[in-house]
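# A closer look at the structure
The primary structure of each chain is shown beneath.
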2 protein chains.
Amino acid sequence: MQEEKSSTHAQRALIALRKRILGGELPGGTRLFEVALAEELGISRTPIRAALSRLAEEALLDRAPGGGFVVRSFAVADVVDTIEVRGVLEGTAARLAAERGVPPPMLAEARDLLRQIDRVFFGQSVDMEEYSKLNAAFHRLMARMSQSDVLCREIERITALPFASPSAFLDDQSHQAALAKTLSAAQDQHRALIEAIANREGFRAESLAREHARAARRNVEFLLSHEAALREGVPSLAILSS
Amino acid sequence: MQEEKSSTHAQRALIALRKRILGGELPGGTRLFEVALAEELGISRTPIRAALSRLAEEALLDRAPGGGFVVRSFAVADVVDTIEVRGVLEGTAARLAAERGVPPPMLAEARDLLRQIDRVFFGQSVDMEEYSKLNAAFHRLMARMSQSDVLCREIERITALPFASPSAFLDDQSHQAALAKTLSAAQDQHRALIEAIANREGFRAESLAREHARAARRNVEFLLSHEAALREGVPSLAILSS
DNA sequence: TGTAAGCTCCATGTATACATCGCGGCGCTG
DNA sequence: CAGCGCCGCGATGTATACATGGAGCTTACA
């Protein structure tokens, strides 16, 4: 066998197929045939089926009526709506956190994350790798502050879609100039959010989280309004069908 | 073979297992073993795996770290939070419907549904079967009015959980007296919702939808506060772990 | 020429044998 | 007695052969 990563064939198939779907190599609407994929990847149908099942769980594939799988299509409107839903869910998490109250250690953890993010700005050019990681951690923590497993799970699920993640579009290198301003504004929102939650201001926390998600939406709309040149460098948008 | 319903073994296994999980026969945390289930249902492991995978998509099973599946546990708090999430999502659908505008034929369809629900009340004892069907149809239509496939999908997904459906707890026969009042209040909310959407009052529509979902939450809390006697007749609550 | 029946092929469904891997018990050894 | 390592079992992972069933084509008959 080849010496790829990961242990099982199903894992490798999952990773390979996910990559192809997200990369736009398998456009939305494409029917995936077990035999063809099995031959292509040099494994049997069984691990292929396992991989396809998991991709269906990730909402990257739809089950066809009479059996089989189809690559899900994402139009621009779907991206926008998905981000809207993320905003709504994160808003709910923030509101619940405020309403139910957050244990002080957790609040301290959040404030520490904010300081760490501040520190990333100190360098000349921002270390996007690090920022993405911290930003994702902050959003995950905010979900946990709701003290609702159900909500955490739903947020994690929607966030797994590549273009809906709070850290999507950050790896886009095209408009470094605007970046600093954008990130600084986002950080202001982070601070206000924690403040609102700490003050038990549920409505304010929810509104802030929703508006915070709007930044991602503005990014998408900006990227799509400027012709292909910009979109080229944005892997998260390769999946778009139109 | 036995002459159950449905065509494939995987389908039958799916239905059988879902029934056992929802019925509380397989309590939360139970590890499901392919071989054991295969022997028990008299089929091979392959269709069992297919069924387990689909149950994971339905969020009734969790994948165990090292492979395998575990029945998901639902505590009371999870039920409440799930209903909260449904309310939030339906609220978003109602708001988007109001903000984006709804085609008149669709609004007419909604008003027609409201009239049909009114008609159900005419009889001496309400036909709950019929009411459930119409109520579910109304909620589905409201989701569609958002004109967002993503949102529809998420609502449908969360609504698939037995205790989160807008028609859950309606089959409970225990407090017929209060029922008429409850349903009539719900219908008032339905009417106000459509009115708000038609008037493009996004905030009002969202608030109303959220409050409407609270009715389900009150039902749960009422049922749980009255000892087992009441809970017996409520199949939707059999899944509760505690 | 149109229609309907039947056939054939292809894709998924199913069973089963074998592989692999992790874990726990048991025994050996220092 | 303690610690290490080996062995074996049980669970999932994988391959493969065969079953099934539907769609499209072809052919024969009206």
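Keep in mind that what you see is a predicted model, and the values were worked out from it rather than measured. (Residues numbered from 1 in each chain as written. Chains lettered and ligands numbered in written order. Predicted model: local features only at pLDDT ≥ 70, side-chain atom pairs only at ≥ 80, totals over all residues. Heavy atoms only, no water.)

### Examining the sheet that holds strand β3 (residues 69-71) of chain A
Sheets are built from strands that pair by backbone hydrogen bonding, the pairs being arranged parallel or antiparallel. Residue and element names in this part refer to chain A. Quick reminder of the rule: A pair of strands is considered paired only if DSSP assigns at least 2 bridges between the two. In this text, helices come from DSSP runs of H or I with a minimum length of four residues, and strands from runs of E with a minimum of two, each type numbered from the N-terminal end.
Taken together, the three strands give an open sheet; going across it, the order is β1-β3-β2, and neighbouring strands pair in antiparallel fashion. At either margin of the open sheet sits one strand with a lone partner, and together these are β1 (31-32) and β2 (61-63). Alignment of β2 against β3, held across three bridges, turns out to be antiparallel. By the bridge assignment, L61 is partnered in β3 with V71.

### With respect to the layout of surface pockets
This is how the line gets drawn: Cavities and pockets were defined on a 1 Å grid built from protein atoms only: a cavity is a group of points that admits a 1.4 Å probe but offers it no way out, a pocket is an open group of points flanked by protein on both sides within 12 Å along at least five of seven lines, and a lining residue is one with an atom within 4 Å of any such point. Grid points are joined across faces, edges and corners, and a volume is the space filled by probe spheres set on the points. Ten residues, namely Ala, Val, Leu, Ile, Met, Phe, Trp, Tyr, Cys and Pro, are considered nonpolar, four, namely Asp, Glu, Lys and Arg, are considered charged, and the remaining ones, Gly among them, are considered polar.
Quantified by volume, the second largest pocket comes out at close to 460 Å³. As for the second largest pocket, its lining consists of 21 residues, of which E206, S207 and R210 of chain A together with E206 and R210 of chain B are closest to the centre. When contributions to the lining of the second largest pocket are tallied by element, the ones reaching two or more residues are α4 (76-100) and α9 (202-225) of chain A together with α9 (202-225) of chain B. For the lining of the second largest pocket, the element with the highest residue contribution is α9 of chain A, accounting for eight residues. Considering only residue class, the lining of the second largest pocket consists of six nonpolar, three polar and twelve charged.

### Notes on the domain arrangement of chain A
Stated precisely, the cut-off is as follows: The source of the domain bounds is an automatic or database domain assignment.
Each assigned domain of chain A is listed here: domain 1 (2-71) and domain 2 (76-228). Summarising the inter-unit geometry, the C-alpha centres of domain 1 of chain A and domain 2 of chain A are found 31 Å apart.

### Topic: the interface of chain A and chain B
Applicable threshold: Only heavy atoms enter the contact rule, under which two residues are in contact if any of them lie within 4.5 Å. Defined in terms of a 1.4 Å probe, buried area is the accessible area two parts forfeit on being brought together, summed over both. Whenever Lys or Arg places a side-chain nitrogen within 4 Å of a carboxyl oxygen from Asp or Glu, that contact is recorded as a salt bridge. The term polar contact refers here to a pair of N or O atoms within 3.5 Å; inside protein, the definition further demands a hydrogen-donor-capable atom paired with an acceptor-capable atom, and it admits residues adjacent in sequence only when both atoms are side-chain atoms.
Listed by partner, the interface residues are 30 residues for chain A and 30 residues for chain B. Here chain A meets chain B over a buried area of about 2700 Å², counting both sides, of which 45% is carbon and sulfur. Here chain A and chain B share ten salt bridges between them. Between R153 of chain A and D62 of chain B there is a salt bridge, with the nearest N and O atoms lying 3.0 Å from each other. Linking chain A to chain B there are 13 residue pairs in polar contact (both at pLDDT 80 or more). Among the secondary structure elements, those contributing two or more residues to the side of chain A that touches chain B are α3 (45-57), β2, α4, α7 (149-159) and α9 of chain A.

### A word on the sheet that holds strand β1 (residues 31-32) of chain B
Residue and element names in this part refer to chain B. Strand order across the open sheet formed by three strands is β1-β3-β2, with antiparallel pairing between neighbours. Every interior strand has two partners, whereas the edge strands, β1 and β2 (61-63), have only one. Relative to strand β3 (residues 69-71), β1 runs antiparallel, the two sharing two bridges. Following the sheet pairing, L32 is matched in β3 by F69.

### Details of the nonpolar core
Residue and element names in this part refer to chain B. Stated formally: To form a nonpolar core, buried Ala, Val, Leu, Ile, Met, Phe, Trp, Tyr and Cys residues must be joined to one another through side-chain atoms within 4.5 Å. The cut-offs for exposure are 20% and 50% of the maximum accessible area for each residue type, with area from a 1.4 Å probe on protein chains only; residues under the lower value are buried, those over the upper are exposed, and the others partly exposed.
One finds I21, L52, L61, F163 and F169 to be the most contacted residues of the largest nonpolar core, which totals 34 residues. When residues of this core are traced back to their parent elements, those giving at least two are α1 (9-22), α2 (34-41), α3 (45-57), β3, α4 (76-100) and α9. Among the elements that line this core, the one with the most residues is α3, at five residues. Shared between two domains, this core takes at least three residues from each, and those domains are domain 1 (2-71) and domain 2 (76-228). In this structure I21 touches L26, L55, L60, L61, V71 and I239, once residues within four positions along its chain are discounted.

### Structural notes on the side chain of S146 of chain B
All names here are of chain B. Inspection of the secondary structure assignment puts S146 in the loop between α6 (128-145) and α7 (149-159). Overall, S146 belongs to the buried group, its relative accessible area being 0%. A polar contact of 2.7 Å, which involves the side chain of S146, links it to the backbone oxygen of A143. Leave out the neighbours within four places in its chain, and S146 touches A93, L96, A97, R100 and L151.

### As for the protein's contact with DNA strand C
As a reminder of what qualifies: For this purpose, a residue is taken to be near a molecule or strand whenever a single non-hydrogen atom of the residue falls within 4 Å of it.
The local shell around DNA strand C holds 13 residues, among which R45 and R49 of chain A together with H9, S44 and T46 of chain B are the closest. Sugar plus phosphate, as a fraction of atoms of DNA strand C within 4 Å of the protein: 59%. One nitrogen or oxygen atom from the main chain of H9 of chain B is found 2.3 Å from a phosphate oxygen belonging to DNA strand C. Among the elements of the structure, β1 and α3 of chain A together with α1 and α3 of chain B are those that each provide at least two residues to the surface near DNA strand C. When the residues that make up the surface near DNA strand C are grouped by side-chain class, the tally is five nonpolar, four polar and four charged.

### A short note on the relation of the copies chain A and chain B
Put simply, the rule reads: To line up the copies, we fit them by least squares on C-alpha atoms, keeping just the residues with pLDDT of at least 70 in both.
The transform that puts chain A on chain B rotates by 180° and translates by 0.1 Å along the axis, for an RMSD of 0.1 Å. The superposition operator between the copies reduces to a two-fold rotation axis. Of every C-alpha in chain A, the one belonging to E57 of chain A sits nearest the axis of rotation, 2.5 Å from it. Comparing contact sets, 100% of the residues at the interface of chain A also lie at the interface in chain B, consistent with an isologous, same-surface contact.

### Brief notes about α2 of chain B
All names here are of chain B. Put simply, the rule reads: Taking the helix axis as origin, the arc is that swept by the directions to the C-beta atoms.
For α2, every residue scored as buried is listed here: E34, L37 and A38. The buried residues of α2 all sit within an arc of 100° when viewed along its axis, so they share a single face. As for α2, its buried residues are in contact with α1, β1 and α3. Directly after α2, the chain includes G42, whose backbone phi takes a positive value near 70°.

### Examining the protein's contact with DNA strand D
As a matter of local geometry, DNA strand D sits amid 14 residues, with H9, S44 and T46 of chain A together with R45 and R49 of chain B nearest to it. The sugar-phosphate share of atoms of DNA strand D within 4 Å of the protein amounts to 53%. One nitrogen or oxygen atom from the side chain of S44 of chain A is found 2.7 Å from a phosphate oxygen belonging to DNA strand D. Residue E34 of chain B places a main-chain N or O atom 3.4 Å away from a phosphate oxygen belonging to DNA strand D. Those elements that provide at least two residues to the surface near DNA strand D are α1 (9-22) and α3 of chain A together with β1 and α3 of chain B. Looking at the surface near DNA strand D element by element, the count peaks at three residues for α3 of chain A. Along the lines of polarity and charge, the residues of the surface near DNA strand D split into five nonpolar, four polar and five charged.

### Quick word on the environment of E25 of chain B
Along the polypeptide, E25 of chain B turns up in the loop between α1 and β1. C-alpha of E25 of chain B to C-alpha of A238 of chain B: the two residues are 213 residues apart in sequence and 8.5 Å apart in space.

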